Amino acid sequence: MLISCIKNRRSIFQFQPKSVPKIALEQCLDAAIWAPNHGLTEPWRFYVIGSEMQWKLANIYAQKRAEKRASPGTENFQSVYDHAVKKFMAIPQVVFVGQLLNTNLVIAKEDYAACACAIQNFQLVAWELELGVQWSTGPILTASETANLLGIDFTQVELIAALYVGYPKAIPGSTRKEFQSVTQYYD
Ligand SMILES: Cc1cc2nc3c(=O)[nH]c(=O)nc-3n(C[C@H](O)[C@H](O)[C@H](O)COP(=O)(O)O)c2cc1C
């Protein structure tokens, strides 16, 4: 049932050390592109990361994380860096999502909404396939090093999500306020 998939899906932060089958990943991508999008702008772009690229990105991720938490040159910096590389490399599959930019702000806002719908389609189909996803943001998405590595022109495309995908090791709980508390009815 769709409703149970929607309610049971959780953001997943810990993964089993097991790769994501290409066919499953492609089912998620195929679901993503069927998201609603105003004017059929199809503003999403997907970047599927292989292991060689993941290693390069892990070093950008680690550099940004260490810069935020420690002073360069210190033992602590190296320790945060090494831990971050390990953490990033433990993600079975990384997929970046980009939004094609539009100078019209109304279209750009609608396009972001469409990309978010696409990401949710991706997450729901992943969940149905027993895969978990974490939608992550953070400095890796805006780093010029990331743009250079992936060959993305940040004046044309904005990276809006890093999707971390894999078979869940643990499924966290989550809560929501009841819909009645956020809904008003009018006669
Ligand atoms: C736009 C957006 C950005 C997010 N960025 C992050 C992030 O950077 N790190 C993270 O751990 N989770 C991130 N999340 C996931 C949320 O933390 C998560 O959806 C929320 O805790 C609710 O949990 P659930 O997805 O299991 O229901 C993001 C979600 C959205 C929609």
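Residues numbered from 1 in each chain as written. Predicted model: local features only at pLDDT ≥ 70, side-chain atom pairs only at ≥ 80, totals over all residues. Heavy atoms only, no water.

Under an unreviewed UniProt entry, the name given to the chain is Nitroreductase, and the organism recorded is Thiomicrospira aerophila AL3. Word for word, the UniProt comment on the chain under Sequence similarities (unreviewed entry) is "Belongs to the nitroreductase family." For the record of the chain, the UniProt heading Cofactor (unreviewed entry) holds the text "FMN". (UniProt positions renumbered as here; feature names shortened; annotations may be inferred.)

Draft legend 1. Main features of the pattern of salt bridges. Considering all chains together, one arrives at two salt bridges under this definition. In this structure, Lys22 engages Glu26 in a salt bridge whose closest nitrogen and oxygen atoms are separated by 3.9 Å. Of this pair, Lys22 and Glu26 both sit in helix H2 (residues 22–32), separated by four residues, roughly a single helical turn. Between Glu145 and Lys64 there is a salt bridge, and its shortest N-O distance comes to 3.6 Å. Here Glu145 is found in helix H6 (residues 144–150), whereas its partner Lys64 is found in helix H3 (residues 51–69), with 81 residues between them in sequence. Using a relative accessible area of 34% as the deciding quantity, one classes Glu145 as partly exposed. (Salt bridge = Lys/Arg side-chain N within 4 Å of Asp/Glu carboxyl O. Helix = DSSP H or I, 4+ residues; strand = E, 2+ residues; numbered from the N terminus. Buried < 20%, exposed > 50% of the residue type's maximum accessible area, 1.4 Å probe, protein only.)

Draft legend 2. Seen up close, the packing of aromatic side chains. For the coordinates displayed, the defined rule picks out two aromatic pairs. Judged by centre distance (5.0 Å) and plane angle (40 degrees), the rings of Tyr61 and Phe88 are tilted. Placement of the pair is Tyr61 in helix H3 and Phe88 in helix H4 (residues 75–89), with a sequence separation of 27 residues. Take Phe88: its relative accessible area is 1%, and that puts it in the buried class. Between Phe88 and Tyr164, the ring centres sit 5.9 Å apart and the planes meet at 85 degrees, which makes this aromatic pair edge-to-face. Highlighted residues: Phe88 in helix H4 and Tyr164 in strand S4 (residues 157–166), separated in sequence by 76 residues. The residues Phe88 and Tyr164 share a single accessibility class, namely buried. Taken together, the ring pairs in this structure connect Tyr61, Phe88 and Tyr164 into an aromatic cluster. In this structure, Lys18 packs its charged tip against the face of Tyr167, placed 4.3 Å from the ring centre. (Phe/Tyr/Trp six-rings, centres within 6.5 Å; stacked < 30°, edge-to-face > 60°. Lys NZ or Arg CZ within 6 Å of the ring centre and 35° of its normal.)

Draft legend 3. Examining the site of the ligand more closely. Around the ligand, the neighbouring residues are Arg9, Arg10, Ser11, Phe13, Tyr112, Gln134, Trp135, Ser136, Thr137, Ser174 and Arg176. One nitrogen or oxygen atom from the side chain of Arg10 is found 2.7 Å from an oxygen atom belonging to the ligand. Residue Thr137 places a main-chain N or O atom 2.9 Å away from an oxygen atom belonging to the ligand. Notes on the ligand: free accessible area 610 Å², of which the protein chains cover 60%. With three residues, the single largest contributor to the shell around the ligand is strand S3 (residues 132–136). (Near = heavy atom within 4 Å. Polar contact = N/O pair within 3.5 Å; in protein donor to acceptor, adjacent residues only side chain to side chain. Areas by Shrake-Rupley, 256 points an atom, 1.4 Å probe, with all protein chains shown as cover.)

Draft legend 4. Representation of the state of the cysteines within the structure. For the structure on display, the rule yields zero disulfides. Sulfur of Cys5: no disulfide; nearest cysteine sulfur belongs to Cys28 and is 10 Å away. Classification of Cys5 by relative accessible area gives buried; the value is 12%. (Disulfide = S-S within 2.5 Å.)

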